[in-house]
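Per-entry structural report
One letter stands for each residue in the lines below.
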Amino acid sequence: MSTNIGIQQLFREERFPSGWRLIPLILYSPFGLLLAFLRSFIGFQVLLAAAFVPHVSIIKSMVLKTLCFTLGIVVREECEEKCDDSAQVIVTNHISMLDYIPVHLLSGCATPGRWDAPSTWVLSLKSWGQGETLLSNVRAHMSTSDTPVLLQPEGATTSGTTGLLKFEPWPFQAETKIQPAVIKVWRPAVADIAVTVVAASELWDIFFYLFVPFTVFTVRYLNVVEVEKDQTSAQCMERIEAAIAEDLGIKTTKFTAKDKMEYEKRYLADLYRPVAIANGAAALRLQPTSAQLLRMSNQVKEVLPNVPLDAIRRDLARTWDVDLTITNILEGLVPFVPEGQGPAVSSRSQRNTIDQLF
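The structure displayed is predicted, hence computed values, not measured ones.

Summing up its helical and strand segments, the protein chain has 11 helices and 10 strands in all. Looking at the protein chain as a whole, 43% of its 358 residues qualify as buried. Considering only residue pairs separated by 6 or more positions, the protein chain has 73% of its internal contacts joining residues 24 or more positions apart. Summed over all atoms, the accessible surface of the protein chain reaches about 19,500 Å², with 58% contributed by carbon and sulfur.

Below, the structure is given as structure tokens:
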């Protein structure tokens, strides 16, 4: 486990390339926008149809292939000889909100998902809850079905180029034989856009799937890991975590999905702080200075000589406008005691008092 990696190094902050690599993207953008529009239209129709068609395998296969075509997802499989069909749990790293799709295409696996829409049956997304509820639902599924379950113990996405988030140990309590796999993603140089960035909106992630020509996912299988009798789930987790990190050429870290959430909060706070400071400075620039307030007060005083300066200044501090303050006084909206007269003037009699002053 590496202690030299900062949490900010695990994620990309910039979605777009810089320097000369931005030129091909700019030239491609008109075509990309048109492609995104067409794909979004087709994808909406496919998802709408998937909500009403019978849940049979041949229709599922057709809908799934159409969705992958719409999203521009291309899947490559490596080291197939290491894939053990008897393993009911598949464990992978997590680099994109849609990286379960290539694994599902290859294995037909079920996946715990947050989305609970009528069309999610196509991707075998399961609303299994969290924590102990999730674990019990996974075990119940494996006891009644031969379909493997895809679990991503990081709990959140990373760039996949520097380090892994610390794996949660609970997935390794579900089964004694686990199939590790590594997921990598690649996009062509003409649209080298990150699949996700820190604090990114999922809608933007999906949009750029539609925007780029295609996205290549590579799924590479590792040797099956069998949980030994005297081995704890935490020890098994460390073995698989180390194997995935080694294959990717990156490090394991102590950071968790919760640490990422906290980092995103700090990142957004730092990102918008200059804007807040700039807005505050602009507001201060708009407020009249003491000299300006005195000058405006004297202008009102010249028009309404019997109105006290204190009353004028109070209203000017609110309106910052000479004409509006004069109007407010004439309309009886500013309570005051006329200079040289006795008791305070009520709001109902202010208009009559001002008429008498003139």
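Our next topic: the packing of helix α9 (residues 309-319) against helix α10 (residues 322-330). In contact at an axis separation of 9 Å, α9 and α10 are set at 125° when each is read in the N-to-C sense. When the axis of α9 is compared with that of α10, the two are oblique. Handedness of the crossing formed by α9 with α10: right-handed. Taking contact as the criterion, the partners of Ile312, Asp315, Leu316, Arg318 and Thr319 in α9 are, on α10, Val322, Leu324, Thr325, Asn328 and Ile329. Its residues assigned to classes, the contact of α9 with α10 comprises 5 nonpolar, 3 polar and 2 charged.

According to UniProt, the feature "transmembrane region" (unreviewed entry) maps to residues 25-53 in the numbering used here. Segment residues 25-53 splits into 90% helix and 0% strand. End C-alpha atoms: 39 Å apart.

Right, let's get into the side chain of Arg39. Within the secondary structure, Arg39 sits in helix α1 (residues 22-50). Although Arg39 lies buried, it forms no salt bridge, and the closest oppositely charged side chain, Asp205, sits 14 Å away as judged by the N-O distance. Engagement of the side chain of Arg39 in a polar contact is seen with the backbone oxygen of Thr70, the distance being 3.2 Å. Apart from the residues lying within four places of it in its own chain, the contact partners of Arg39 are Phe69, Thr70, Leu71, Gly72, Tyr209, Leu210, Val212 and Pro213.

As a further point, take a nonpolar patch on the surface. Among the surface-exposed residues, Phe16, Leu22 and Ile26 lie close enough to one another that they form a single nonpolar patch of about 270 Å² accessible area. Assignment of secondary structure puts Ile26 in helix α1.

A few words on the environment of Lys229. Within the secondary structure, Lys229 sits in the loop between β9 (225-226) and α6 (233-248). Here Lys229 falls in the exposed class, since its relative accessible area comes to 92%. Separated by 53 residues in the primary sequence, Lys229 and Thr176 have C-alpha atoms spaced 9.0 Å apart.

Another aspect to go through is the environment of Asp84. Relative to the helices and strands, Asp84 resides in the loop between β1 (73-78) and β2 (89-92). With sequence-adjacent residues up to four places away left out, Asp84 is seen in contact with Lys177, Gln179 and Val224.

Time to look at unusual backbone geometry. Even without being glycine, Cys79 reaches a positive phi, approximately 55°. Looking at the element boundaries, Cys79 is found in the loop between β1 and β2. For Ala199, which is not glycine, the phi dihedral falls at a positive 60°. Along the chain, Ala199 turns up in the loop between β7 (177-186) and α5 (202-211). For Ala199, a relative accessible area of 28% gives the class partly exposed.

The next thing to look at is the confidence of the model for the protein chain. In the predicted model, the protein chain carries a mean pLDDT of 83, and 85% of its residues have values of at least 70. Strand β8 (residues 215-221) holds the highest mean pLDDT among the elements of the protein chain, 96, whereas helix α11 (residues 350-357) holds the lowest, 49. For residues 344-349, every residue scores under 50 in pLDDT, and the model assigns this stretch 7 contacts once sequence neighbours within four places are set aside.

What counts, and at which threshold
Residues numbered from 1 in each chain as written. Predicted model: local features only at pLDDT ≥ 70, side-chain atom pairs only at ≥ 80, totals over all residues. Heavy atoms only, no water. Helix = DSSP H or I, 4+ residues; strand = E, 2+ residues; numbered from the N terminus. Buried < 20%, exposed > 50% of the residue type's maximum accessible area, 1.4 Å probe, protein only. Contact = heavy atoms within 4.5 Å. Areas by Shrake-Rupley, 256 points an atom, 1.4 Å probe, with all protein chains shown as cover. Axes fitted to C-alpha atoms, helices over the stretch in contact; angles between N-to-C directions. Parallel < 35°, antiparallel > 145°, perpendicular 65-115°, else oblique. Left-handed = near helix turned anticlockwise from the far one by under 90°. Nonpolar A, V, L, I, M, F, W, Y, C, P; charged D, E, K, R; others polar. UniProt positions renumbered as here; feature names shortened; annotations may be inferred. Lys, Arg positive; Asp, Glu negative; His and termini not counted. Salt bridge = Lys/Arg side-chain N within 4 Å of Asp/Glu carboxyl O. Polar contact = N/O pair within 3.5 Å; in protein donor to acceptor, adjacent residues only side chain to side chain. Patch = residues over 30% accessible without salt bridge, like charges linked within 9 Å, V, L, I, M, F, W, Y side chains within 5 Å. pLDDT = per-residue confidence, 0-100.

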